[in-house]
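# What the coordinates show
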Amino acid sequence: MKIIFIRHGDPDYEKDSLTEKGFREAELLRKRVEKWNVKDFYCSPLGRAKATAKPFLDSMNREATICPWLKEFFVPVKDPDTGKNRIPWDFMPRCFTKERLFYDKDKWTDADIMQTGDVKAEFAKVCKEFDELLKNYGYIRDGGFYKVEKHNDDTIVFVCHLGVSFVLVSHLLGIPTPLLWHGFFMPPTSLIVLDSEERVPGEAFFRVQTFGDTKHLFAGCEPISGSGYFADIFQK
């Protein structure tokens, strides 16, 4: 079973839509996705995700199931420097690297910073909704892996956001979410592809094949957007 996460295109956050560049990215993405054999599509309720999915959904004459829990993982916490609310992953290195709980897959939500918001409850909710969805495909969460009631080769696609994609990937892999939030980047319209390795009959563990894949942008000579990144993007 394949799971593909797609981040929305270059965002216009004020309008909750895409920039002109974002719409160009979405069109290039369409040319790629419409060639896939996809069992089901799922999409965030936010406008920038819907605008990204619309070209390929229209082209394929398909619809996506809108999942409220796929909205961006915006659970405000108190910034330790300013005392103001901010998203729970955008900290300076001195804040997250010195917090040892951020390196614990089971306890990172217990860190003092995360306790200033509803991060723990929201994390549990998103992961529960995701696992309930996977049950429909015959994959049942059992600790750190999935029991397989019935093997399938389905591909399911999620069009959403960087923050929530990393929540779900960390859940699938059993690693602390802050390590993904702070250590990895997912450019607009890029893909994360995971496949279930079922080396033991009836047991599955999802493994990343590609992370931040943007080859459709290179094919269309469209530069990678650095939205959400704080250094120069490697474009070659």
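Structure first, text after, so check above.
All values derive from a computational prediction rather than experimental measurement.

### Side note on the pairing of strand β1 (residues 2-7)
A large share of β1 lies buried, amounting to five of its six residues. Note that β1 and strand β10 (residues 155-160) share six bridges and pair parallel. Paired with Ile6 across the two strands is Val159, which belongs to β10. Bridge analysis of β1 against strand β11 (residues 191-200) gives five bridges, and the strand direction is antiparallel. Bridge pairing in β11 links Ile3 to Leu194.

### Some remarks on the sheet that holds strand β4 (residues 40-43)
Ordered by their spatial adjacency, eight strands build an open sheet running β5-β4-β10-β1-β11-β12-β9-β8, and the pairing between neighbours is mixed. The open sheet has two edge strands, β5 (65-66) and β8 (139-142), and neither has a second partner. Running over the sheet, helix α2 (residues 47-60) touches β1, β4, β5 and β10 and is turned about 160° from β4.

### A word on the side chain of Asp10
Positionally, Asp10 belongs in the loop between β1 and β2 (11-12). Here Asp10 sits buried without a salt bridge, and the closest side chain of opposite charge, Lys21, lies 6.4 Å off (N-O distance). Within the structure, the side chain of Asp10 is placed 2.6 Å from the side chain of Thr19, a separation counted as a polar contact. In contact with Asp10, other than residues within four places in its own chain, are Ser17, Leu18, Thr19, Lys21, Gly22, Glu25, Pro188, Ser225 and Ser227.

### What about helix α1 (residues 20-33)?
In this model, α1 (14 residues) spans 20 Å end to end at C-alpha, consistent with the 20 Å of a helix rising 1.5 Å per residue. Among the residues of α1, Lys21, Gly22, Glu25, Ala26, Leu28, Leu29, Arg30, Arg32 and Val33 are the ones counted as buried.

Basis of the calculations
- Residues numbered from 1 in each chain as written.
- Predicted model: local features only at pLDDT ≥ 70, side-chain atom pairs only at ≥ 80, totals over all residues.
- Heavy atoms only, no water.
- Buried < 20%, exposed > 50% of the residue type's maximum accessible area, 1.4 Å probe, protein only.
- Helix = DSSP H or I, 4+ residues; strand = E, 2+ residues; numbered from the N terminus.
- Pairing = 2+ DSSP bridges.
- Contact = heavy atoms within 4.5 Å.
- Axes fitted to C-alpha atoms, helices over the stretch in contact; angles between N-to-C directions.
- Lys, Arg positive; Asp, Glu negative; His and termini not counted.
- Salt bridge = Lys/Arg side-chain N within 4 Å of Asp/Glu carboxyl O.
- Polar contact = N/O pair within 3.5 Å; in protein donor to acceptor, adjacent residues only side chain to side chain.
- Expected span 1.5 Å × (residues − 1).

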